[in-house]
Amino acid sequence: MTPSHLAYVPFVSVANMMKLVHHIGLERFLIDLSGDIEADFKRWPEFDKVARVASHSPGGVIELMPTADRALYGFKYVNGHPKNTRTGHQTVTAFGVLSDVATGYPVLFTEMTLLTALRTAAMSALVGRYLAPKDADVMALIGNGAQCEFQAFAFRAICGINRLKLFDIDPKASEKAATNLRAHGFDVRICQSAQDAVEGAQIITTCTADKQYATILTDNMVGAGVHVNAIGGDCPGKTELHRDILLRADIFVEYPEQTRVEGEIQQLNEDHPVTELWQVMRGDVPGRRDARQITLFDSVGFATEDFSALRYVKRMVEDTGFAVPLDLLADPDDPRDLFGMLERAKPV
């Protein structure tokens, strides 16, 4: 009753994902991953696209994020429960599957809690390369939880940002982030308010977790020439920016049908103009046009980014020890005799 090779799917555990990242190097991983994301955005019309399927509850949300091209199908399961840290749980956990379109068989099963943090940061910095001021050298990071350090590393690797100003309503979160980042050579200053953090910063990243309409940035805090990387607002009823900022900014989104429901632009009329990032990356429309323009990446995370991450990891773990074979698929000798397979496994 030993399964054939068709029963096994390569599986990347959390432990092996961490080993893979250290083997490649964190900044190299982020650079290479951003390259795969960019390549897939440049072939945007090839993908089947749908807004993620979300199941909301009072405490959070559980989502499925699917997409496919002609060869591969990918999906991610992910949750978002802001109060989880009170009980020792992660706010966000995830896993993902990549499958062969021709047979429907999975070709990769992997943890995606770490991988989501990495792809979110890679996407932010990739967009920053298109939209942030060319002379940007300071980033404000407001919200210093689990995503904070990943954003910092990605912006340093991809955009050359090494000077950081941190603020969180929980001082312990800022101290945690500062300790982690200073150990890797970042120039870090902890600020006592969001206003203090944004002063002198050319890039502002907001990454807060509470599931509510919030005003992390007020209109007076965002001056001309700034790039805002808003990644905390990612479901209905959850925002971070005052509406007036949106009215002054040029807004860039992943997939409008999803962002208008989940992003900062849920505060605006349904016909408010936005620019799709795939068009910017293909060179069809401009990104940053001048030094005084306020650019806003209204980031909610889209399935093609997870697809890119899955595809990247699959390529990196092939013929290595970072993936182990998981007996996941039933494989009867006769594909029509699944019951017979069950019967033959009956204890003697």
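Residues numbered from 1 in each chain as written. Predicted model: local features only at pLDDT ≥ 70, side-chain atom pairs only at ≥ 80, totals over all residues. Heavy atoms only, no water.

**Looking at the overall build of the protein**
Along the protein, the regular secondary structure elements total eleven helices and 17 strands. At 21 Å, the protein has a C-alpha radius of gyration in line with the 20 Å of a compact globule built from 348 residues. C-alpha extents for the protein along the principal axes are approximately 75 × 45 × 40 Å. Across the 348 residues of the protein, 52% fall into the buried class. In the protein, of all internal contacts separated by at least 6 residues, the share reaching a separation of at least 24 is 71%. (Helix = DSSP H or I, 4+ residues; strand = E, 2+ residues; numbered from the N terminus. Rg over C-alpha atoms; globule rule 2.2 N^0.38 Å. Buried < 20%, exposed > 50% of the residue type's maximum accessible area, 1.4 Å probe, protein only. Contact = heavy atoms within 4.5 Å.)

**Focus: the packing of aromatic side chains**
Taken as a whole and judged by the stated rule, the model has ten aromatic pairs. On the numbers, 6.4 Å between centres and 55° between planes, the contact of Trp-44 with Tyr-255 is tilted. Of this pair, Trp-44 sits in the loop between α2 (26-41) and β2 (53-57) while Tyr-255 sits in the loop between β14 (250-253) and α8 (256-262); the two residues are 211 residues apart in sequence, bridging distant segments of the chain. Residue classification places Trp-44 among the buried residues on the basis of a relative accessible area of 3%. Judged by its relative accessible area of 11%, Tyr-255 falls in the buried class. (Phe/Tyr/Trp six-rings, centres within 6.5 Å; stacked < 30°, edge-to-face > 60°.)

**Regarding the pattern of salt bridges**
By the definition in use, this model includes 25 salt bridges. For Arg-289, the salt bridge is made with Asp-250, and the minimal N-O distance between the two is 3.2 Å. Separated by 39 residues along the polypeptide, Arg-289 in the loop between α9 (277-281) and β16 (295-298) and Asp-250 in strand β14 bring together distant segments of the chain. Under the relative-accessibility criterion, Arg-289 is labelled exposed at 52%. Ionic pairing is found between Asp-334 and Arg-336, a salt bridge with its closest N-O pair at 3.3 Å. A residue is classified by how much of its surface remains accessible, and Asp-334, at 29% relative accessible area, is partly exposed. (Salt bridge = Lys/Arg side-chain N within 4 Å of Asp/Glu carboxyl O.)

**Considerations on the sheet that holds strand β7 (residues 138-142)**
Ordered by their spatial adjacency, eight strands build an open sheet running β9-β8-β7-β10-β12-β16-β14-β15, and the pairing between neighbours is parallel. Of all the strands in the sheet, the pair left with one neighbour each is β9 (187-190) and β15 (275-276). Direction of pairing for β14 relative to β15: parallel, over a ladder of two bridges. If you follow Phe-252 over to β15, its bridge partner there is Thr-275. Helix-sheet contacts for helix α4 (residues 148-159) involve β7, β8 (163-167), β10 (203-206) and β12 (227-230), and the interaxial angle to β7 is about 165°. (Pairing = 2+ DSSP bridges. Axes fitted to C-alpha atoms, helices over the stretch in contact; angles between N-to-C directions.)

**Some thoughts on the packing of helix α1 (residues 14-24) against α2**
At a closest axis distance of 6 Å, the pairing of α1 and α2 adopts a crossing angle of 95°. It follows that α1 is roughly perpendicular to α2 by the angle criterion. Residues Leu-20, Val-21 and Ile-24 of α1 form the contact with α2, whose participating residues are Leu-26, Arg-28 and Phe-29. Taken together, the residues of the contact of α1 with α2 sort by class into five nonpolar, no polar and one charged. (Parallel < 35°, antiparallel > 145°, perpendicular 65-115°, else oblique. Nonpolar A, V, L, I, M, F, W, Y, C, P; charged D, E, K, R; others polar.)

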